[in-house]
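Remarks on the overall topology
Chain residues, written in single-letter form:
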Amino acid sequence: MLVPSHIQTLKPYIAGKTIEEVVHEYNPPRISKLASNENRLGCSPKAREAVNRSMDQIMNYPDPASKLLRERLAKQFGIKTGNVITGSGSEGVMALITRTFFLDTDEALTADATFIGFVVLANSRGIKLRRVPLTSGYRFDLEAMAAAIRPETKVIYLANPNNPTGTYFSRKEFEAFHKKVPEHVLIIMDEAYFEYARNVADYPDSMKYRYDNVITLRTFSKAYGLAGLRIGYGFAHEDIISNLMKVKLPFEPSTPAQAAALAALDDTDFLDRSVAMVHSGRDRLYDFLTSKGLNFVESVSNSVMAIFGDEPEAEAFTLAMLKKGVILRRLPAFGLPNCVRITIGTPDEMDHFEMACDDVLPV
Ligand SMILES: Cc1ncc(COP(=O)(O)O)c(C=O)c1O
């Protein structure tokens, strides 16, 4: 058979509706895309200028070592360039990890409701993926995950903050967990939403651990607003990084992506504004959802998960909001059919969200 069975059984990725599709289907007077955890403020103007300047070099292949960017990241975090790798988004680095470390008989371990990208990568590599339920508070259950480790376990994927729940585990919880993980098991610590959470007192910034079996992943797609350029990075022991560098597609990330990331790191003002917008928008959303009698999970990320009584209720709400031009994300693919994820938008978009909700929800 041409296509192996583990590929045949994969389900294709279903993206949220695009703005064009919503215009075509419902033609609402305005659209707020609050479905994909993007930065609704845009990106740094300095990153934009850097992309334009990089076009002078576009006929040449990119620097395969991302030298300038890796040096810059190493300086920023007080580590060596040999501890840093870049990729086409943090998912690009994740893909590289799945290509580099797994043997066919290895297993990966993660939670039930977490970032689907890792699930797809593990399944497409054809290895066994085991998943542990979240706690009743929609948090990673690190104790249960430690208990689920088996001799075949090679990689454990953790997202902190988690997507789609927006929850986090604390430094103390992670330290206790790490002690139970054998040294030959690699922990992927996905910190795609790190910038939104870093001021939370007991949030574990995994860069501070420097454990030999932890790789930290971060991205320019969220707080830096560069999702469309595809650039992310990972930090780990230099043995892990040097082996990943052997497997990496040489010319990823692209020249404009590397240039934009470098410029974005220098624009701390834009980063601060992005994070502040999310923090104040989140507080406002909590107040609003509470006033509407809707349940939600407190988040340290750039989205908030609302919980409905059942799947039909969540589906009806999402569709009614879509018709008003507010695009939200339903979560059946994450095993949370009664939940809806709301990305924090600009104040204007949150006005739109509230007005649409006022029309859609019973008083
Ligand atoms: C937890 C998590 N990790 C990784 C990613 C992928 O990010 P990137 O654009 O850097 O590949 C996402 C995107 O939504 C995410 O939610």
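Residues numbered from 1 in each chain as written. Predicted model: local features only at pLDDT ≥ 70, side-chain atom pairs only at ≥ 80, totals over all residues.

Burial along strand β2 (residues 84-87) is two-sided: the face carrying Val84 and Thr86 and the face carrying Ile85 and Gly87 are both buried. Judged from the four bridges that link them, β2 and strand β8 (residues 232-235) form a sheet pairing that is antiparallel. If you follow Gly87 over to β8, its bridge partner there is Gly232. (Buried ≥ 20, exposed ≤ 12 C-beta atoms within 10 Å, placed from the backbone. Helix = DSSP H or I, 4+ residues; strand = E, 2+ residues; numbered from the N terminus. Pairing = 2+ DSSP bridges.)

Our next topic: the site of the ligand. Of all residues adjacent to the ligand, which total 14 residues, the nearest are Gly89, Glu91, Asn163, Thr219 and Ser221. Along the lines of polarity and charge, the residues of the shell around the ligand split into four nonpolar, eight polar and two charged. (Near = placed C-beta within 6 Å. Nonpolar A, V, L, I, M, F, W, Y, C, P; charged D, E, K, R; others polar.)

On to the domain arrangement of the protein, then. Per the domain assignment, the segments of the protein are domain 1 (5-42 + 269-360) and domain 2 (45-267). A straight line from the C-alpha centre of domain 1 to that of domain 2 covers 24 Å. At the junction of the two partners, domain 1 supplies 29 residues and domain 2 supplies 27 residues. Per element, the largest residue contribution to the side of domain 1 that touches domain 2 is six residues, and it comes from helix α12 (residues 268-291). (Domains from an automatic or database assignment. Contact = placed C-beta atoms within 7 Å.)

All right, on to the sheet that holds strand β10 (residues 303-307) then. Within a sheet, neighbouring strands are paired by backbone hydrogen bonds and run either parallel or antiparallel to one another. Within the open sheet, the four strands sit side by side as β9-β10-β13-β12. Their pairing is antiparallel. Edge strands, defined here as strands with exactly one partner in the open sheet, are β9 (295-297) and β12 (329-331). Averaged over all pairs of adjacent strands, the angle between strand axes in this sheet comes to 35°, irrespective of strand direction. Across three bridges, the pairing between β9 and β10 is antiparallel. Within β10, the residue paired with Asn295 across the bridge is Ile307. In this fold α12 packs onto β9, β10 and β13 (336-343), with an angle of close to 15° to the strand it touches most, β10. (Axes fitted to C-alpha atoms, helices over the stretch in contact; angles between N-to-C directions.)

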